[in-house]
Amino acid sequence: MSIRSLADLSVMIKDLLNARFAGVLLLVILSALLLGGCARSPVLLESTKTDVTPQIELTQVPFFAQTDYQCGPATLAMVLNHQGVDTSLEQLIPQVFLPGRDGSVQPEMLATVRRYGQLAIPIRGTMDALLRHLEADDPVVVMQNLALPAFPMWHYAVAIGFDLPNETLILRSGEIERHTMSFSRFDATWARTQRWGFVVSEPGTLPEGVSAHNALQAINAYEELHGPIAALSSWLAFTDRFPTNPFGQFALGNALYADEQPKAAQDAFESATQLDPTMGAAWLNLAILQLHSGSTEEARHALNQAAEREGESQSRAQQLLDKL
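Quick caveat: nothing in here was measured; it's all calculated off a predicted structure.

**Q** So what's going on with the pairing of strand β6 (residues 176-182)? Which residues, and what values?
**A** Relative to β6, strand β5 (residues 168-173) runs antiparallel, the two being bridged by five bridges. Residue pairing in the sheet places Thr168 in a bridge with Ser182 of β6. Between β5 and the antiparallel strand that follows it, β6, lie two residues; Gly174 among them carries a positive phi value of about 60°.

This is the structure in structure tokens:
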């Protein structure tokens, strides 16, 4: 195959995208055309090279072949069933697949996981993080762009293993149950999506290696759908993993209060104010619980702190101070 110019390449890609070839053939052609000879191996941390198990393959992850742009529902069927969730590809397609977009968008992927009662937690966008999640027995949903940025071909797959000495990643992808890609070729396609990927976790558990920021967002989104009591076990897991995060302590306090545990909630709000004295909402909630328990002087101090901080809690704190 000879390509005389960039224009020839663009025409060829457009023809391929319009041809509606079988998914596997199209992926192979584009991979060979776009990635061969130009991809570079990602630079792994020395700790990854020395500490990570050389070969991992999560063979227990089920396989669902995609058809006609349905890689999003297929990948969700794999990871959800791996978590013990009873669902099928047919049930997931109308929830995730957007006909007008010929595929699935990232927010709907994450939202669908939450609808099935699971946490959807984005991973750090590095090959080191990806390999460590796999080593911890967590399959990772990854998003790739299998074409050029100007002619994107978005694709979801499930990373299930790797061969570190041979720098090879193993995926459940498209119609291929065990698709192998070199680290360099995979990372080239992954980088075009800002290295987007996520893991699925049971409420009350957090996979190793997730960042506090990503876990916080994931649990908060889960709580918005299922309520604070359902999220309580996850906030407990979060504060156990990240005990010095003030937002986690604040969220834990709200969940404990919803669960009718006022003393534990008060302790959590107090921890939040100690970790971040500028958090007016935590001071206000702490003061309200102190008032309910009869600790008027402590509540007055907390209300003064809340009233000094600009924000939604300031006026409410001042109203309570005026009543005192």
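**Q** Can you explain the environment of Lys49? Please cite residues and give values.
**A** Within the secondary structure, Lys49 is located in helix α3 (residues 46-51). Residue Lys49 is classed as partly exposed on the basis of its relative accessible area, which comes to 44%. The spatial distance from the C-alpha of Lys49 to the C-alpha of Pro165 is 8.8 Å, given a sequence separation of 116 residues. For Lys49, the residues in contact, after removing those within four places along its chain, are Leu44 and Leu164.

**Q** Go over the nonpolar core, please, and point to the residues and values.
**A** Core analysis: the largest hydrophobic core is formed by 87 residues, its most contacted members being Leu76, Leu130, Phe162, Leu169, Phe186 and Phe198. The greatest single-element share of this core, amounting to seven residues, is contributed by helix α4 (residues 71-82). When sequence neighbours within four positions are dropped, the list of residues in contact with Leu76 reads Asn81, Leu92, Val96, Met109, Thr112, Val113 and Phe198.

**Q** Talk me through helix α12 (residues 262-275); I want residue IDs and the actual numbers.
**A** The first and last C-alpha atoms of α12 sit 20 Å apart over 14 residues, in line with the 20 Å expected at 1.5 Å per residue. Every buried residue of α12 is accounted for by Ala265, Gln266, Ala268, Phe269, Ala272 and Thr273. Viewed along the axis of α12, the buried residues span an arc of 160°, placing them on a single side of the element. Away from its buried face, by an angle of more than 90 degrees, α12 presents the exposed residues Lys263 and Gln274. Those residues of α12 that are buried lie in contact with α11 (246-258) and α13 (280-292).

**Q** Mind laying out the packing of α13 against helix α14 (residues 296-307), listing which residues take part and the relevant values?
**A** Between α13 and α14, whose axes approach to 8 Å, the crossing angle comes to 160°. It follows from the interaxial angle that α13 and α14 lie roughly antiparallel. With respect to the hand of their crossing, α13 and α14 are arranged in left-handed fashion. The residues of α14 that touch α13, namely those facing Gly280, Trp283, Leu284, Leu286, Ala287, Gln290 and Leu291, are Glu298, Ala299, His301, Ala302, Leu303, Gln305 and Ala306. In terms of residue class, the contact of α13 with α14 is built from nine nonpolar, four polar and one charged.

**Q** Tell me what's going on with the packing of aromatic side chains, and back it up with residues and numbers.
**A** Within the structure shown, the criterion is met by six aromatic pairs. Ring centres of Phe250 and Phe269 lie 5.8 Å apart, and the angle between their planes is 55°; this geometry places the pair in the tilted category. Of the two residues, Phe250 sits in helix α11 while Phe269 sits in helix α12, which places them 19 residues apart along the sequence. An aromatic cluster of three or more residues is present, and its members are Tyr156, Trp196 and Phe198.

How each quantity is defined
Residues numbered from 1 in each chain as written. Predicted model: local features only at pLDDT ≥ 70, side-chain atom pairs only at ≥ 80, totals over all residues. Heavy atoms only, no water. Pairing = 2+ DSSP bridges. Helix = DSSP H or I, 4+ residues; strand = E, 2+ residues; numbered from the N terminus. Buried < 20%, exposed > 50% of the residue type's maximum accessible area, 1.4 Å probe, protein only. Contact = heavy atoms within 4.5 Å. Core = buried A, V, L, I, M, F, W, Y, C linked by side-chain atoms within 4.5 Å. Expected span 1.5 Å × (residues − 1). Arc of directions from axis to C-beta. Axes fitted to C-alpha atoms, helices over the stretch in contact; angles between N-to-C directions. Parallel < 35°, antiparallel > 145°, perpendicular 65-115°, else oblique. Left-handed = near helix turned anticlockwise from the far one by under 90°. Nonpolar A, V, L, I, M, F, W, Y, C, P; charged D, E, K, R; others polar. Phe/Tyr/Trp six-rings, centres within 6.5 Å; stacked < 30°, edge-to-face > 60°.

As far as function goes, none of this settles anything; it's purely spatial.
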